[in-house]
Amino acid sequence: MSKNDLTEKPIGFFDSGVGGLSVMKKAMEILPNEDYIYFGDSKNAPYGIKTVEEVKELSFNATEFLLSKRAKAVVVACNTATSAAIEDLRKVYSEIPIIGIEPALKPAVELNKKGKIVIMATPMTLAEKKFNKLMNKYNENTDIYPLPCAGLVEFIEKGTLSGEELSNFLEDKFSHLEKKEIASVVLGCTHYPFVKDEIKKVLGEDVSIIDGSEGTAKELKRRLQERNLLRKGRRIGTVEIYNSFDNEEIIELCYKLLK
Ligand code: DGL
C-alpha cells in the first residue's frame, strides 16, 4: 500500500466544540473501517452568537488544521459553520469533498404529522440565508416555528446533559408554545442530540425529535464513494480527537460523548 494512497487517509470533522461528535458517531456506525480526526474549537464556542466573518475565519482555521492531519474529506459538523462558511470552503478546497449539515426539516415534513415543526438552532443558523431558503421550500403547507436557543450549547460544552438547571432552561425555551400543538422538533445544532432525553422529558414522548446526523453521514459515504475514496481495508478505524482547549477534561468529555 503506497503512502500516498488517498483512501488510507482519515476523514476530518470539526465543530465549534463537542457537538459535532454526534455526527461523527453516526459516521463511525455507517463507515466503521475509516479513520477519523476530530477538531473541536471549544475555546471559541459558541459560534452561534459571533459574526459571520468570525465564524468563516474559524472554519478556515479548523479546515487547515484537519488538512495538516492529512484529511481526505472534511465534514463541517456544525450547522452554524455550515451556514456561514460552506460555500467559501468548497471554493477554496475544491479538490476534496466538503460535507456540511443543515437542519433536517425534510424528514420532519415527511413525517406528515399534524402540528408545529419546531426548529431548535443557534441564532446564526436561523438568521442565515441557507436556512431561510430551506424554510421557504416547505413553508407553504407546513407550520414551521424557528426557535433560537442561545445558551444551550454551553450546557453541553460543560458536560451537563441532564439536571434541574438544564430542564428549567428547556422549560423556559418552550414556555410560550402550546406543547400539545408541537408535532416534531428538529435539532438544528449538532450539540443538541446530546440532550435529546431532556427535551423529550419536557415535551413528552409523542413529539418526534429529529436530527441531521444520519443524513449527513450517508451523504459523506456517497461523496467518498463518488470519488473512490472509501477505505478498502477491513480493520476497524481509529479515532483521534483534538480541541483548541488543550486540556484533559475536554478530551475525556469527547470520548464519553462518543460512547
Ligand atoms: N454545534 C454547533 C451547530 O451545529 C453549535 C454552534 C455554536 O457553537 O453556537 O450549530
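Residues numbered from 1 in each chain as written. Predicted model: local features only at pLDDT ≥ 70, side-chain atom pairs only at ≥ 80, totals over all residues. Heavy atoms only, no water.

### What about the overall build of the protein chain?
Thinking step 1. Assigned secondary structure in the protein chain consists of 11 helices and 9 strands.
Thinking step 2. For a compact globule of 259 residues, the expected C-alpha radius of gyration is about 18 Å, and the protein chain comes in at 18 Å, within 12% of that figure.
Thinking step 3. Counting contacts in the protein chain only where the partners sit at least 6 residues apart, residues at least 24 apart contribute 78% of the total.
Thinking step 4. A total accessible area of about 12,600 Å² is found for the protein chain, and carbon and sulfur atoms account for 48% of it.
Thinking step 5. One finds the centroid of the 38 positive side-chain charges in the protein chain at a distance of 6 Å from the centroid of its 40 negative side-chain charges. (Helix = DSSP H or I, 4+ residues; strand = E, 2+ residues; numbered from the N terminus. Rg over C-alpha atoms; globule rule 2.2 N^0.38 Å. Contact = heavy atoms within 4.5 Å. Areas by Shrake-Rupley, 256 points an atom, 1.4 Å probe, with all protein chains shown as cover. Lys, Arg positive; Asp, Glu negative; His and termini not counted. Charge placed at Lys NZ, Arg CZ, Asp CG, Glu CD.)

### Re the UniProt feature "active site" (unreviewed entry) in the protein chain
Thinking step 1. UniProt feature "active site" (unreviewed entry): in the numbering of this structure it lies at Cys78 and Cys189. Annotated residues spanning 112 residues; largest pairwise C-alpha distance 6.6 Å, indicating a single compact cluster.
Thinking step 2. Relative to the helices and strands, Cys78 resides in the loop between strand E3 (73-76) and helix H3 (79-92).
Thinking step 3. Cys78 gets classed as buried once you look at its relative accessible area, which sits at 3%.
Thinking step 4. Tracing the chain through its elements places Cys189 in the loop between strand E7 (182-187) and helix H9 (196-203). (UniProt positions renumbered as here; feature names shortened; annotations may be inferred. Buried < 20%, exposed > 50% of the residue type's maximum accessible area, 1.4 Å probe, protein only.)

### Let's talk about the packing of aromatic side chains
Thinking step 1. On inspection of all chains with the given rule, the structure shows 5 aromatic pairs.
Thinking step 2. Chaining the aromatic ring pairs together yields one cluster made of Phe39, Phe65 and Tyr242. (Phe/Tyr/Trp six-rings, centres within 6.5 Å; stacked < 30°, edge-to-face > 60°.)

### Some thoughts on the sheet that holds E3
Thinking step 1. Here we have 5 strands laid out as an open sheet, ordered E4-E3-E1-E2-E9, and parallel in their pairing. Only two strands of the sheet have a single partner each, and these edge strands are strand E4 (98-99) and strand E9 (239-243).
Thinking step 2. Where E3 and E4 come together, 2 bridges link them in parallel fashion. Paired with Val75 across the two strands is Ile99, which belongs to E4.
Thinking step 3. Against the sheet, helix H2 (residues 52-68) makes contact with strand E1 (11-15), strand E2 (36-40), E3 and E9, and its axis sits at roughly 155° relative to E1, the strand it touches most. (Pairing = 2+ DSSP bridges. Axes fitted to C-alpha atoms, helices over the stretch in contact; angles between N-to-C directions.)

### Some remarks on the site of the ligand
Thinking step 1. The immediate surroundings of the ligand are formed by 13 residues, with Ser16, Tyr47, Gly48, Thr80 and Thr190 found nearest.
Thinking step 2. The contact in question runs from an oxygen atom of the ligand to an N or O atom on the side chain of Thr80, over 2.6 Å.
Thinking step 3. For the shell around the ligand, the per-class residue count stands at 5 nonpolar, 7 polar and 1 charged. (Near = heavy atom within 4 Å. Polar contact = N/O pair within 3.5 Å; in protein donor to acceptor, adjacent residues only side chain to side chain. Nonpolar A, V, L, I, M, F, W, Y, C, P; charged D, E, K, R; others polar.)

### Quick look at the side chain of Lys116
Thinking step 1. Structurally, Lys116 is set in strand E5 (residues 116-121).
Thinking step 2. Taking the relative accessible area as the measure of exposure, Lys116 reaches 15% and is therefore buried.
Thinking step 3. Those residues within four positions of Lys116 in sequence are excluded, and the remaining contacts are Asp143, Tyr145, Leu177, Glu181, Ile182, Ala183 and Ser184.

### Quick look at the UniProt feature "binding site: substrate" (unreviewed entry) in the protein chain
Thinking step 1. Under the UniProt annotation, "binding site: substrate" (unreviewed entry) lies at Asp15, Ser16, Tyr47, Gly48, Asn79, Thr80, Thr190 and His191. Taking the farthest pair of C-alpha atoms as the criterion, the annotated set spanning 177 residues converges on one region, since that pair is 12.0 Å apart.
Thinking step 2. In this structure, Thr190 sits in the loop between E7 and H9.
Thinking step 3. The residues touching Thr190, leaving out its near neighbours within four places in the chain, are Asp15, Gly19, Gly20, Ser22, Val23, Ala77, Cys78, Asn79 and Ile101.
Thinking step 4. Of note, His191 is situated in the loop between E7 and H9.
Thinking step 5. Beyond its immediate chain neighbours, meaning those up to four positions away, His191 contacts Asp15, Ser16, Gly17, Val18, Gly19, Val153, Ile156 and Glu157.

### Looking at H3
Thinking step 1. For H3, with 14 residues, the first-to-last C-alpha span of 19 Å sits near the 20 Å given by 1.5 Å per residue.
Thinking step 2. Maximum bend of H3: about 65°, positioned at Ala85.
Thinking step 3. Listed in full, the buried residues belonging to H3 are Asn79, Thr80, Ala81, Thr82, Ser83, Ala84, Ala85, Ile86 and Leu89.
Thinking step 4. For H3, the secondary structure elements touched by its buried residues are E1, H2, E3, E4, helix H5 (123-127) and helix H6 (129-138). (Expected span 1.5 Å × (residues − 1). Bend = angle between axes of the 7 residues up to and from the residue.)

### Some thoughts on the nonpolar core
Thinking step 1. Counting 51 residues, the largest nonpolar core has Phe13, Leu21, Met120 and Leu152 as the members making the most contacts within it.
Thinking step 2. For this core, the element with the highest residue contribution is helix H11 (residues 248-258), accounting for 6 residues. (Core = buried A, V, L, I, M, F, W, Y, C linked by side-chain atoms within 4.5 Å.)

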